[in-house]
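# Remarks on the overall topology
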Amino acid sequence: QVQLVESGGGLVQAGGSLRLSCVATGRTFGPTAMGWFRQAPGKEREFVATISWSGRSTYYADSVKGRFTISRDNAKNTVYLQMNSLKPEDTAVYYCAASPGTQGTATIASRYDYWGQGTQVTVSS
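Reference entry: report on the structure contained in this document. All of these numbers come straight from a predicted model, not from anything done at the bench.

## Things to note about the side chain of Ser99
Tracing the backbone shows Ser99 in strand 9 (residues 92–100). When its relative accessible area of 1% is taken as the criterion, Ser99 is described as buried. Every residue in contact with Ser99, bar those within four places of it in the chain, is listed here: Pro31, Thr32, Ala33, Arg111 and Tyr112.

This is how it looks when you write it as structure tokens:
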């Protein structure tokens, strides 16, 4: 079993920055793609960013491209999401997810087997 714990959420003004972290504990697998998703009130969960096992490949939703950066440190079993130039529409609960056995990237939620509990990000205008 893999546990994912997110941290780093909070309240920030528009134009500000936050850095989310997600630590994986418990049984860990080999090549594992990691991803970030978010869910705003009254909306479906949506893809934000994904990173391959090596860290060399990343992919972003159009809505965050150029503002968010996903990275990982496999030695620390941690994935990060640096969020800059935040907008009120970025307000959501952000979830970290793991896809064991996937060496590349994955943008579809059903590809992920493990999910964190989520961390709230609120951007005020």
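Past the structure itself, the notes keep going.
## Description of the state of the cysteines
Every disulfide links exactly two cysteines, by a covalent bond between their sulfur atoms. Under the counting rule described, the total for this entry stands at one disulfide. In this model, Cys22 is linked to Cys96 through a disulfide, with the two sulfur atoms separated by 2.0 Å. Between Cys22 and Cys96, the disulfide has an S-S torsion of -75° and is therefore left-handed. In this pair, Cys22 is assigned in strand 3 (residues 18–26) and Cys96 in strand 9, connecting sequence segments 74 residues apart. Note on Cys22: relative accessible area 1%, which makes it buried. For Cys96, a relative accessible area of 0% translates into the label buried.

## Focus on the environment of Ser125
Within the secondary structure, Ser125 sits in the segment after strand 11 (119–124). Between the alpha carbons of Ser125 and Lys87 there is a distance of 7.6 Å; along the sequence they are 38 residues apart.

## Details of the pattern of salt bridges
What the rule picks out here adds up to four salt bridges. Residue Asp62 is joined to Lys65 by a salt bridge in which the shortest nitrogen-to-oxygen separation is 3.1 Å. The partner of Arg67 in a salt bridge is Asp90, and the shortest N-O contact between them spans 2.8 Å. Placement of the pair is Arg67 in the loop between strand 6 (58–60) and strand 7 (68–73) and Asp90 in the loop between strand 8 (78–83) and strand 9, with a sequence separation of 23 residues. A residue is classified by how much of its surface remains accessible, and Asp90, at 1% relative accessible area, is buried.

Cut-offs applied
Residues numbered from 1 in each chain as written. Predicted model: local features only at pLDDT ≥ 70, side-chain atom pairs only at ≥ 80, totals over all residues. Heavy atoms only, no water. Helix = DSSP H or I, 4+ residues; strand = E, 2+ residues; numbered from the N terminus. Buried < 20%, exposed > 50% of the residue type's maximum accessible area, 1.4 Å probe, protein only. Contact = heavy atoms within 4.5 Å. Disulfide = S-S within 2.5 Å. Salt bridge = Lys/Arg side-chain N within 4 Å of Asp/Glu carboxyl O.

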